Amino acid sequence: MAGMTADPDDTRDVYETQAAFYDAQRSRALFEARWLARFAACLPTGGRVLDLGCGTGEPIARWFLAEGFEVTGVDFADAMLEIARSRWPQGDWRQGDMRRFDLGETFDGIIAWDSFFHLTPEEQRGCIARMAAHLTSGASLLMTVGPDAGEATGTVGDQPVYHASLSPAQYATCLEQNGLRLTGYLAEDPETNKHSVLMARKI
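What this report covers is the structure whose coordinates are included nearby. The structure displayed is predicted, hence computed values, not measured ones.

On to the packing of aromatic side chains. For the structure shown, the criterion picks out 6 aromatic pairs. Taken together, a centroid distance of 5.7 Å and an interplanar angle of 85° make the contact between Phe-39 and Phe-64 edge-to-face. Highlighted residues: Phe-39 in helix α3 (residues 33-40) and Phe-64 in helix α4 (residues 60-66), separated in sequence by 25 residues. Measuring from centroid to centroid gives 5.8 Å for Phe-64 and Phe-69, while their planes differ by 70°, and the two rings are edge-to-face. Assessed through its relative accessible area of 1%, Phe-64 is described here as buried. Pairwise contacts between aromatic rings join Phe-39, Trp-63, Phe-64 and Phe-69 into one cluster.

With that out of the way, let us pick up the pairing of strand β7 (residues 159-165). Within β7, 5 of the 7 residues are buried, leaving the element largely enclosed by the surrounding structure. Pairing of strand β6 (residues 150-156) with β7 involves 7 bridges; the strand directions are antiparallel. Bridging from a neighbouring strand, Glu-151 pairs with Ala-164 of β7. Here β6 hands over to β7 after 2 residues, with Gly-157 in that stretch at a positive phi of 65°.

Looking now at the side chain of Asp-51. Mapped onto the elements of the fold, Asp-51 is located in strand β1 (residues 48-52). Contacts of Asp-51, omitting those with residues within four sequence positions, involve Ile-60, Ala-61, Val-71, Thr-72, Gly-73, Val-74 and Ile-111.

Next up on the list: the environment of Ala-164. By the element assignment, Ala-164 lies in strand β7. Taking the relative accessible area as the measure of exposure, Ala-164 reaches 0% and is therefore buried. Taking the C-alpha atoms as reference points, Ala-164 and His-118, 46 residues apart in sequence, are found 6.3 Å from one another.

Quick look at unusual backbone geometry now. A cis geometry characterises the amide bond from Glu-58 onward to Pro-59, with omega recorded as -10°. Relative to the helices and strands, Pro-59 resides in the loop between β1 and α4. In this model, Glu-188 sits at a positive phi of 50°, which is unusual for a non-glycine residue. Mapped onto the fold, Glu-188 is located in strand β8 (residues 180-189). By relative accessible area, which is 38% here, Glu-188 ends up partly exposed. Despite not being glycine, Lys-194 has its phi angle at roughly 65°, a positive value. Topologically, Lys-194 is positioned in the loop between β8 and β9 (195-202). According to the relative accessible area criterion, Lys-194 is exposed, its value standing at 55%.

A few words now on the sheet that holds β9. Ordered in space as β3-β2-β1-β4-β5-β9-β8, the 7 strands form an open sheet in which the pairing is mixed. The open sheet has two edge strands with one neighbour each: β3 (92-95) and β8. Averaged over neighbouring strand pairs, the angle between their axes works out to 15° when direction is ignored. Sheet strands touched by α3: β1, β4 (107-112), β5 (135-145), β8 and β9. Its angle to β8, the strand with the most contacts, is close to 170°.

Once that is clear, we can look at helix α7 (residues 168-177). The set of residues buried in α7 consists of Tyr-171, Cys-174 and Leu-175. All buried residues of α7 lie within an arc of 100° about the axis, which places them on one face of the element. Of the exposed residues in α7, the ones pointing more than 90 degrees away from its buried face are Ala-169 and Gln-177. Of the surrounding secondary structure, the elements contacted by the buried residues of α7 are α6 (121-133), β5, β7, β8 and β9. Backbone geometry just after α7 places Gly-179 at a positive phi near 75°.

Each value, and the rule that gives it
- Residues numbered from 1 in each chain as written.
- Predicted model: local features only at pLDDT ≥ 70, side-chain atom pairs only at ≥ 80, totals over all residues.
- Heavy atoms only, no water.
- Phe/Tyr/Trp six-rings, centres within 6.5 Å; stacked < 30°, edge-to-face > 60°.
- Helix = DSSP H or I, 4+ residues; strand = E, 2+ residues; numbered from the N terminus.
- Buried < 20%, exposed > 50% of the residue type's maximum accessible area, 1.4 Å probe, protein only.
- Pairing = 2+ DSSP bridges.
- Contact = heavy atoms within 4.5 Å.
- Axes fitted to C-alpha atoms, helices over the stretch in contact; angles between N-to-C directions.
- Arc of directions from axis to C-beta.

The structure is reproduced here in C-alpha cells:
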C-alpha cells in the first residue's frame, strides 16, 4: 500500500462534510451481491445484522432490509445518518464510533463494508475484539480490508482519507485470538471493483 499522507483522526470530519457527495456517487449496482448473499446464507431467517460504518444505508443496509433482516446501522457521521433516517425512518440508526462501540447486545452477523479499513492497524485489532463480543455463537462477520499490510490514502470528494490494513495472516491470527475463524478471503476481487473481502465465523 502507498505511503500515508492522510490523518486517521480527520476521517469523521471528511464524511460529515462530504456526505451528500459520497451518497450521490456511491454505486447502487450491488457489485457486492455475491458476498452479501454468501454472508446472508449463514444467518437465520430475519436475523439481526449490525452494519458498522453504515453511512447513508445505500446500498448495504437497504439490501439487508429488503431481504427481511433486522438491521442496526452505526456510523460516526451524523450527516450520513440523517440521510439514512430520511429514507428508512423505521430503521435502527445509531451514532457511534466503531473504535469504541459497546451496544450491550449481540447480533447474528456484523458487516463493515468500506468502513473498517479507515481504522489504524491497532484500532483494527481492538475493533475485531469488540465485534467478536457483539456476535452470537456461530455468527458471521463480513468486512473489507486491504490486500496486504500497510497504510494508504484515498479520497472522498476532494478530501483525503486514511486507509490501513493488516496482512491476511495477521487478520487470521487476530480473529483466532478473539474466538473467530477465517472462512473466506479474496484480495482485490475483480467482481467487487477490486475490494479485498474477508469473512469469519464466531466459534
